[in-house]
Structures are given as C-alpha cells and as structure tokens.
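What follows is the residue order along each chain.
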Amino acid sequence: MSGARATRVIAAVRQAELPMLRAYRLWHEHTRKCADGCRTVRKAQDGCEGGRELWDAYRRAYAGGAR
C-alpha cells in the first residue's frame with residue numbers, strides 16, 4: 001500500500017472510530033508518553049491532571065455520555 005493511500009485509510013478508520021474507543025486510545029497514548037507519572041501509577045485516577053481528564057472522558061463515553 002502506498003504512503004498516501006495508507007494515510008487515507010488510517011484517517012478513514014479514525015473518523016469512523018467509536019467515541020469510547022477514541023477516548024481510550026487518547027488516554028492510552030497519553031500514558032505511554034507522560035513524563036508526569038502516568039506511566040508509573042496503578043490507577044488512572046492517580047495519574048497527572050491531563051491523564052485524569054482523559055480517563056474521565058473515557059468513563060463518560062463508556063457510560064454513553066450520561067455522566
């Protein structure tokens with residue numbers, strides 16, 4: 001697959017991504033790169049402020065936005 005075509009495919013997949021899965025992916029990507037301690041904590045609630053906000057967004061999306 002060419003580079004341009006692969007980019008379009010990835011963009012199409014992300015566009016069709018479920019809100020819950022997108023929120024989890026963003027949180028997971030953050031924890032892998034976070035230098036403020038998200039990498040070393042056992043619970044998402046114990047991470048940095050940005051990590052906690054991303055986790056809260058995931059929880060809301062998981063609950064269907066009702067919270």
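The structure this text deals with has already been given above.
All values derive from a computational prediction rather than experimental measurement.

Cut-off values and rules
Residues numbered from 1 in each chain as written. Predicted model: local features only at pLDDT ≥ 70, side-chain atom pairs only at ≥ 80, totals over all residues. Heavy atoms only, no water. Helix = DSSP H or I, 4+ residues; strand = E, 2+ residues; numbered from the N terminus. Buried < 20%, exposed > 50% of the residue type's maximum accessible area, 1.4 Å probe, protein only. Contact = heavy atoms within 4.5 Å. Areas by Shrake-Rupley, 256 points an atom, 1.4 Å probe, with all protein chains shown as cover. Expected span 1.5 Å × (residues − 1). Arc of directions from axis to C-beta. Phe/Tyr/Trp six-rings, centres within 6.5 Å; stacked < 30°, edge-to-face > 60°. Core = buried A, V, L, I, M, F, W, Y, C linked by side-chain atoms within 4.5 Å.

**Student:** Where do I start with the overall build of the protein chain in this structure?
**Tutor:** Within the protein chain, the secondary structure is distributed over 3 helices and 0 strands. Walking the protein chain from its N terminus toward its C terminus, one meets helices and strands in the order α-α-α. For the protein chain, buried positions account for 18% of its 67 residues. For the protein chain, long-range pairs separated by at least 24 residues make up 36% of all intrachain contacts whose partners lie at least 6 apart in sequence. Approximately 5400 Å² of the protein chain is accessible, and the part contributed by carbon and sulfur atoms is 51%.

**Student:** Quick question: what am I supposed to make of helix H3 (residues 49-62) here?
**Tutor:** In this model, H3 (14 residues) spans 20 Å end to end at C-alpha, consistent with the 20 Å of a helix rising 1.5 Å per residue. Regarding H3, the residues found buried are Gly 51, Trp 55 and Tyr 58. Taken around the axis of H3, the buried residues stretch over an arc of 55 degrees, which confines them to a single face. In this fold, the buried residues of H3 make contact with helix H2 (19-33). At the exit of H3 stands Gly 64, carrying a positive phi of roughly 85 degrees.

**Student:** Explain the packing of aromatic side chains to me, please; I cannot follow it from the model alone.
**Tutor:** Centre distance and the angle of the planes are the two values used to describe a pair of aromatic rings. Taken as a whole, this structure holds 5 aromatic pairs when the rule is applied. These aromatic residues form a ring-pair network of at least three members: Tyr 24, Trp 27, Trp 55, Tyr 58 and Tyr 62.

**Student:** Which parts of the structure should I look at to understand H2?
**Tutor:** Since the α-helix advances by 3.6 residues per turn, residues separated by three or four positions end up pointing in the same direction. Over its 15 residues, H2 runs 21 Å from end to end, which matches the ideal 21 Å to within 8%, given 1.5 Å per residue. Three or more residues of H2 are buried, namely Ala 23, Arg 25, Trp 27 and Thr 31.

**Student:** I tried to follow the environment of Gly 50 on my own but got confused; where do I start?
**Tutor:** Mapped onto the elements, Gly 50 comes out in helix H3. Placed 16 residues apart in sequence, Gly 50 and Cys 34 show a C-alpha to C-alpha distance of 9.2 Å.

**Student:** What is the right way to look at the nonpolar core in this model?
**Tutor:** Here is a general trend for soluble globular proteins: nonpolar side chains tend to be buried in one another's company. Counting 5 residues, the largest nonpolar core is built from Ala 23, Trp 27, Ala 44, Trp 55 and Tyr 58. Apart from residues lying up to four places away in sequence, Ala 23 is in contact with Ala 57, Tyr 58 and Ala 61.

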